[in-house]
Amino acid sequence: MYREIFVPVDNSSPSDWAVDRAIELCRKSDGRITGNHVYAARLHDVRFRQLETGLPARFQTPDEIKKQRKIHDKLIEKGLQLIADSFLDQLGKRCEAAGVRLTRQLLEGINYEEIVNEVNRGAGRLPGLIGFDPDRAAGYDGGDKARSDVKLGENGRLIAEDEDSAARLAGSSGRQYDLLAIGAHGLGRQPYSQLGGVVSRVLRGIEKDLLLVRDERPFAGGRFLVGVDGSSYGYRAMRLALELAQAFGGSLFVCSAFDVEYHHVVFHNIKDVLSYQASKVFKFEEQEELHNNIIDKGLLKLCQANLKRAEVMAQEFPGVPLTTQILIGKPFQVIMQWAEELKPSLLVLARHGAHRIEGTELGSQAENLLRLAPCNVLLAGTGGVRPEDIPWIEEDGVAGLPWAPEAEVRILRVPPFAQGIARRAVEEYVLEQTQGEPATVTNKWLDEAIRKLLPTHMQLIMGIGTAEEIALAEVKAQDQMKGTKVQGHDSDPQPLIPDVEVRCPVTGAISRRPRVATDPVVWTEEAWARLQLVPLIARPLARNTVERFARGHDIWRVTTRVMDENKQAMIAADEFDVDTMMVMFQELRAKQIRAEAEGGGRDALSPEMRAFIEEAKAQGVTRCPIRDIDAQMGKCPVDLKTMKPEEAKAAMERLLAEQAGD
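All of these numbers come straight from a predicted model, not from anything done at the bench. (Residues numbered from 1 in each chain as written. Predicted model: local features only at pLDDT ≥ 70, side-chain atom pairs only at ≥ 80, totals over all residues. Heavy atoms only, no water.)

Our next topic: the pairing of strand S14 (residues 377-380). Remark: a regular strand shows side chains that alternate across the two faces of the sheet. Both faces of S14 are covered, namely the face carrying Val377 and Leu379 and the face carrying Leu378 and Ala380. Where strand S9 (residues 209-213) meets S14, three bridges bridge the pair, whose relative direction is antiparallel. Bridged to leucine 211 within S14 is leucine 378. In the sheet, strand S13 (residues 346-350) pairs with S14 via four bridges, with the strands oriented parallel. Bridge pairing links valine 348 to leucine 378 in S14. After leaving S13, the chain enters helix H12 (residues 364-372) and then returns to the sheet as S14, a path that is right-handed. (Buried < 20%, exposed > 50% of the residue type's maximum accessible area, 1.4 Å probe, protein only. Helix = DSSP H or I, 4+ residues; strand = E, 2+ residues; numbered from the N terminus. Pairing = 2+ DSSP bridges. Right-handed = clockwise from strand over helix to strand, strands pointing away.)

Structure below.
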C-alpha cells in the first residue's frame, strides 16, 4: 500500500476527488499526503514587459521602468503564494478531519515540469516565502527560509529594492514518493478535452505509480478492473489490483485481450486496390486460412495462459472475489467497453506491455485508456518490475517435442513475432498425427505441417513441392521479373532533374519528360546482378520489397547501396522478407553441408552451428543473427554472395566429392 502520496491541488472538482482518494488510501496504510501547488511568478515578468509600452509617459523613464518591474515581481509572487496558501488551507482542513498527516508544499516554476521533478527525484524548486509569518512558514517544505527582503513604505505599498536572488529559492525537498494522485482536469477544462494540459504532460514523465482521478467513486467495496498481457509489467499491475481489492473489500475483474480482426481488415483493404493478377499471387484465401489456423488460435491460447497466471497470483489473496474474461478486439477498445459495463471504482493498467520498445515513455493501449476510460485509472510504474515475478503455471514446465537438427535450423527462419506460435503449431500437428505419442520433429513432419498450414506459394519458396510445381512457380517468377527496368550503373552521377524516355505510340518518336511518382523504379546493373543471387521463386517478392523501400524514401533508382539500406532497415525493425530469410538459410546451409562433408552425416551439425542454436534457445532469440553472419562468412567454403545458385550448388558437389576422395 502507498504511504507517501503526492497530490497537486488547484481547487477544481477533479483535484478535490484526487484528495478524497489519497485520504482513503492513507487511512488504510497510515500514510502521509504531500499537498502541493506550483506557481510560476517568473512567467508574469515576460507579460509585464510586453505591456510596458502602454504605460503613461511618466512611467517610461529607465529608472521608473526598473522600479515598476521590481514592484510588479514582488506583488505577483506574493499574490500567487497567498492564493496557493489558500488552496492548501482547504486541503489541511480535510486531512485534519480524516486524521491523515499532511505536509504543505509550494513549488516555483513550470507546473508539469516541477511536478515530474519532485515526484521522481524530490527535486522540485522550493521557494522562499515572501513576508510569511515564521510560524506559518515553518509548516511548509523549505518554509524555514521565509523571505524578509520585502519592505513597505509609509503609504503601505511595497518599496522597490534589489533582492538577493539566493533568497528566492529554499532548495529542494529530497522526498521519495510512492504515488502521484492527480485530477484528470484542472480549472481550465474545456468541453472536448480528454485530459488537462498539465496531466497529459505529467503522465509521460512520471516514473512512479500514478492515480488519475475522473470521478468521486470511492474504493471501499468497489469493483477493480485490471488487464494482463503476459508481461511482467502487466503482472505488477495485477498485484497492485489484488492488494487494493483486498484492502478495500472489493472484487477484482481480470481481462486479457487480443485482436483477430486486424489482419482481416488489412487483407480486404489490399484486395480492393491490387490488380487481379497481383491478388492471385498474394493468395488472400490461403493467407487468411494461415492466420485462422495459427495466429488466431495461438493468440487465444496466450490469453488463456495469461488469465491462468492471474488466477495463480490471486491464490495469495483468497478473500478477493475474482472474475476473468477474454476480450476479443483492439485491447483499449474492448477494455473500455467492459469498463463502461462494469462501472469499476478503479481501472489498473501497466505503463507498458509485452511489446515495449526501449526508450518509449508510455504504451499505446495505456495512453488510449488514460484518455478515454470512463473511470479512475491507476497507472503502474516500471519500478521494481522483474521478469521472474510472472507467475508459473503447469504449461511452463511442459517441455516441447525434441527437434532434429535439420528441422531446428529451418524453424529458425520463421519471423520473430510468430516463432513461438509456429513451433507450437508444428508440434501440435505431430502430436495429432501420432495420437499423442511423443515423437521427434524431423524434416518429414515439418514438411507435412507446412503443407497443411502454409499457403502454397510460401511452401514453394521454402522448397516444398513437386518438381512440376516448383518449375511452374519459377516460370511465373520469370514472367513477373520481365517488367523490371534495368539501366545504368551505381557509379553514374545523379541528374539534377530525373527524367524518363517516352515513345510516341503513333510516330514512334522518342522524347524525354520529368519523372513522376507513378513511373517504374530503375535498377542499376550492379543491383540487378545482386538480385539474381536470390532464389528465382523468391526473387519477385525480394524486388517488390526493395522497391517499396525505395518509393517510401523518394528514391527512383535502386543501387547496391539502396539494397544495403533496405536490409539494415529490416534488421533494425526485426522485419525479414523472404529474400533476407532465404539468404540467411543459404548461409547456414553452407555450414551444414560442410559439417556433412566432414563425415558427420546428414543429421550432424558443426560445433559452430550447434552452439548457435543452443545460444539462440537460451537467449530467447527467434531469428538468425544477420549482424553476425558477415563476420562468419569467411569460414564458408562457398561465397554465396558472389556466385549464382547453380554455381554454388556445383561448388558444393565438388567439395563433397573431394572430401569423399580424401
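What follows is about the pattern of salt bridges. Evaluated as defined, the whole model comprises 23 salt bridges. A salt bridge links arginine 204 to glutamate 361; its shortest N-O distance comes to 3.6 Å. Residue arginine 204 is found in helix H6 (residues 197-205), and its partner glutamate 361 is found in the loop between S13 and H12; the two are separated by 157 residues along the sequence. Overall, the relative accessible area of 31% leaves arginine 204 in the partly exposed class. Of the charged contacts, one joins aspartate 499 and arginine 512 as a salt bridge, the two residues approaching to 3.2 Å between their closest N and O atoms. Here the residue aspartate 499 occupies a position in strand S16 (residues 499-503), and arginine 512 occupies one in strand S17 (residues 510-514), the gap between them amounting to 13 residues. Since its relative accessible area comes to 33%, aspartate 499 is described here as partly exposed. Linked by salt bridges that have partners in common, Asp85, Asp89, Arg104 and Arg136 make up one network. (Salt bridge = Lys/Arg side-chain N within 4 Å of Asp/Glu carboxyl O.)

The next subject is the nonpolar core. The nonpolar side chains of a soluble globular protein tend to be buried, and buried together. Counting residues in each nonpolar core, the largest one holds 56 residues, and the members touching the most others are Ile5, Val7, Leu25, Leu211, Met238, Leu252 and Leu378. With nine residues, the top contributor of residues to this core is helix H7 (residues 232-247). Ignoring sequence-local partners within four residues, the contact set of isoleucine 5 consists of Ala22, Leu25, Cys26, Arg32, Ile33, Thr34, Leu179 and Ala181. Of all hydrophobic cores here, the second largest spans 39 residues; its members include Val116, Leu225, Leu369 and Cys375. (Core = buried A, V, L, I, M, F, W, Y, C linked by side-chain atoms within 4.5 Å. Contact = heavy atoms within 4.5 Å.)

One open sheet accounts for ten strands, arranged S3-S2-S1-S8-S9-S14-S13-S10-S11-S12; its pairing is mixed. In this open sheet, the two edge strands, each paired with only one partner strand, are strand S3 (101-108) and strand S12 (322-328). Each adjacent strand pair in this sheet contributes to an overall mean axis angle of 20°, direction not counted. With respect to the sheet, H7 is in contact with S9, strand S10 (223-227), strand S11 (251-258), S12, S13 and S14, its orientation differing from that of S13 by roughly 155°. (Axes fitted to C-alpha atoms, helices over the stretch in contact; angles between N-to-C directions.)

The complete set of buried residues in H6 reads Val199, Ser200, Val202 and Leu203. Summarising the axial view, the buried residues of H6 lie within an arc of 165°, below the 170-degree limit, and thus occupy one face. If you follow the buried residues of H6, they end up packed against helix H4 (111-121), strand S8 (179-183), S9 and H12. (Arc of directions from axis to C-beta.)

The subject of this paragraph is the side chain of threonine 434. Mapped onto the fold, threonine 434 is located in the loop between helix H14 (419-433) and helix H15 (443-453). Those residues in contact with threonine 434 that sit more than four places away from it in its chain are Ala439 and Trp445.

A few words on the sheet that holds strand S15 (residues 485-486). If you walk across this open sheet you meet the three strands as S15-S18-S19, and the pairing is parallel. Both edges of this open sheet fall to S15 and strand S19 (557-558), since each of them pairs with a single strand only. Relative to strand S18 (residues 522-523), S15 is paired through two bridges, and the arrangement is parallel. Its bridge partner being in S18, valine 486 is matched across the sheet by tryptophan 523.

Moving on: the packing of helix H1 (residues 13-29) against helix H3 (residues 62-98). One way to put it is that H1 packs onto H3 with a least axis distance of 11 Å and a crossing angle of 30°. Taken together, the axes of H1 and H3 are roughly parallel relative to one another. Read as a crossing pair, H1 and H3 show a hand that is right-handed. Together, Asp16, Val19, Asp20, Ile23 and Arg27 of H1 and Leu91, Arg94, Cys95 and Ala98 of H3 make up the contact between the two elements. Across the contact of H1 with H3, the residue classes break down as five nonpolar, no polar and four charged. (Parallel < 35°, antiparallel > 145°, perpendicular 65-115°, else oblique. Left-handed = near helix turned anticlockwise from the far one by under 90°. Nonpolar A, V, L, I, M, F, W, Y, C, P; charged D, E, K, R; others polar.)

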